[in-house]
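What follows is the residue order along each chain.
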Amino acid sequence: MDSAILNTGQFEMRSVVEDSKWQAVLDRDGSSDGKFFFGVSSTGVYCRPSCPARRPRRENVTFFRKPEEAERAGFRACLRCRPTTVSGNPRQTLVKSICRYLEQHLDESVTLADLGAEFHQSPFHLQRTFKAALGITPKEYSNSCRMRGFRQKLKSGQSVTRAMHEAGYSSSSRLYSRTAAELGMEPAKYRRGAVAAPIRYTCAPSPLGRILIASTDKGICSIQFANSEEELEQGLKQEFPFAVRRRDDRGLADLVASISRHMQGLEVAPSLPLDIQATAFQRRVWTYLQSLRFGETRTYTDVAKAIRQPSAVRAVAHACASNPVAIAIPCHRILRSNGELGGYRWGLQRKKALLEMEAAKPNPALAK
């Protein structure tokens, strides 16, 4: 009799616990992520509680404490909520899920209303959450993904038409409306730039070691530093793998001298025409960096606030690291909040040397 009562009590306790878990699943409770997982027998997948997928029938659900338990029972991880990579941050989880969804629907015109219905959020709240995390809207993220894919396919030698369709552009008019800002030139010309159009470049000594400056007919497309010319030329080849790269030391000599004098504080920053690719967010960051006066420094947090994306500090750091034209876009002037140098694409010693040269300010007029 006592044993029967005990078993009944345990069953009722287990039922209460499972009912609370089921309610968390119904509520898509992100705070329960990592505490348990649920498998769905009708689909054969297991998920975390906040999974944005359509809710299953209760009789098809089994709860597990760990992903390993679900997998031993024959379930596979959900591709939407990725239960084995639970972050513990519901907002971050939501944003990642939206990113994956957008990446899988690049060939569609996904609206905020579509995203709101898919993720059970109001369109306004969803966009605000997404932009606060990444610094750009879902639409800008989709555009960036399409353009990145398009660029990569052109560089691999595909035709403009094939690259356009495979990247997710539904029409040539949509593509050509964006290429001037994103590619710096028309698609066919960019492909030739990656395949056959000329890029002039030079390598020369500088206060920071060897410098390479490369230019198309529209403007500078690369400024980089390295310890040897071989390293510089290899970097240019990786960026423009099929371009006709022609060395032009004499033609670019004045530009090298001007940049070198500016680095040492002997000349006001020259106005350089640039031919570079950028996402919408990168352009906002880089434009702000170009507004800084000689010798001024800011933190990554300062930049994020200045472009009105205070939570996008990591995205700002990534934009700085992606800068293809050193000095022309002075990403070396951005520091960590604790005063440390942070990262620099061309090495921390060069960043430190640049800051020291600018701090010396041999020409006070440059600081005005």
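For clarity, every value in this text was computed on a predicted model and none was experimentally measured. (Residues numbered from 1 in each chain as written. Predicted model: local features only at pLDDT ≥ 70, side-chain atom pairs only at ≥ 80, totals over all residues. Heavy atoms only, no water.)

**Student:** Go over the overall build of the protein, please, and point to the residues and values.
**Tutor:** Counting its secondary structure elements, the protein contains 15 helices and 10 strands. Counting all 368 residues of the protein, 45% fall into the buried class. A fraction of 60% describes how many contacts in the protein between residues 6 or more apart in sequence connect residues 24 or more apart. As presented, the protein carries roughly 19000 Å² of accessible surface, and 51% of it is formed by carbon and sulfur atoms. (Helix = DSSP H or I, 4+ residues; strand = E, 2+ residues; numbered from the N terminus. Buried < 20%, exposed > 50% of the residue type's maximum accessible area, 1.4 Å probe, protein only. Contact = heavy atoms within 4.5 Å. Areas by Shrake-Rupley, 256 points an atom, 1.4 Å probe, with all protein chains shown as cover.)

**Student:** Hey, could you go over the packing of aromatic side chains for me, with residue numbers and the actual values?
**Tutor:** Going through the model one piece at a time under the given rule, you end up with 6 aromatic pairs. When the centroid spacing of 5.6 Å and the interplanar angle of 75° are considered together, the rings of F36 and F63 count as edge-to-face. Of this pair, F36 sits in the loop between α1 (2-26) and β1 (37-40) while F63 is found in strand β3 (residues 61-64), placing the two residues 27 residues apart along the sequence. On the accessibility criterion, F63 (11% relative accessible area) is buried. Note on F130 and Y141: the rings are 5.9 Å apart at their centroids and 75° apart in plane angle, and the pair reads as edge-to-face. (Phe/Tyr/Trp six-rings, centres within 6.5 Å; stacked < 30°, edge-to-face > 60°.)

**Student:** I'd like a rundown of the packing of helix α4 (residues 112-119) against helix α5 (residues 123-134), residues and numbers included.
**Tutor:** Interaxial distance between α4 and α5 falls to 8 Å at its minimum, and their mutual angle equals 95°. On the basis of their axis angle, the class for α4 and α5 is roughly perpendicular. In contact with L112, A113, L115, G116 and F119 of α4, α5 contributes P123, L126 and Q127. (Axes fitted to C-alpha atoms, helices over the stretch in contact; angles between N-to-C directions. Parallel < 35°, antiparallel > 145°, perpendicular 65-115°, else oblique.)

**Student:** Can you explain helix α12 (residues 280-290)? Please cite residues and give values.
**Tutor:** Three or more residues of α12 are buried, namely F281, Q282, V285, W286, Y288 and L289. One side of α12 holds all its buried residues, which, seen down the axis, span an arc of 160°. Buried-residue contacts for α12 involve α5, β9 (298-299), α13 (300-306), α14 (313-321) and β10 (334-335). (Arc of directions from axis to C-beta.)

**Student:** So what's going on with the side chain of S142? Which residues, and what values?
**Tutor:** Along the chain, S142 falls in helix α6 (residues 138-155). Not counting chain neighbours up to four residues away, the residues in contact with S142 comprise L102 and L106.

**Student:** Let's hear about the environment of E118: which residues, and what values?
**Tutor:** For E118, the location among the structural elements is in helix α4. With a relative accessible area of 22%, E118 lands in the partly exposed category. Separated by 64 residues in the primary sequence, E118 and R54 have C-alpha atoms spaced 8.7 Å apart. The residues touching E118, leaving out its near neighbours within four places in the chain, are P52, R80 and Y101.

**Student:** Which residues make up the sheet that holds strand β8 (residues 244-247), and what are the values?
**Tutor:** Pairing in this open sheet of 4 strands is mixed, and the strands run β7-β6-β5-β8 from one edge to the other. At either margin of the open sheet sits one strand with a lone partner, and together these are β7 (220-226) and β8. Pairs of neighbouring strands in the sheet enclose a mean axial angle of 25°, with direction left out of account. Against the sheet, helix α11 (residues 253-263) contacts β5 (198-206), β6 (209-215) and β7, and its axis sits at roughly 130° relative to β6. (Pairing = 2+ DSSP bridges.)

**Student:** Would you mind going over the sheet that holds β3 in detail, with residue names and values included?
**Tutor:** With mixed pairing, the 4 strands of this open sheet are ordered in space as β3-β1-β2-β4. If you trace the sheet from one side to the other, it starts and ends with β3 and β4 (76-77), each paired once. Relative to β4, strand β2 (residues 45-47) is paired through 2 bridges, and the arrangement is parallel. The residue bridging Y46 from the neighbouring strand is A77, located in β4.

Bear in mind that shape data such as this cannot, by itself, settle questions of function.
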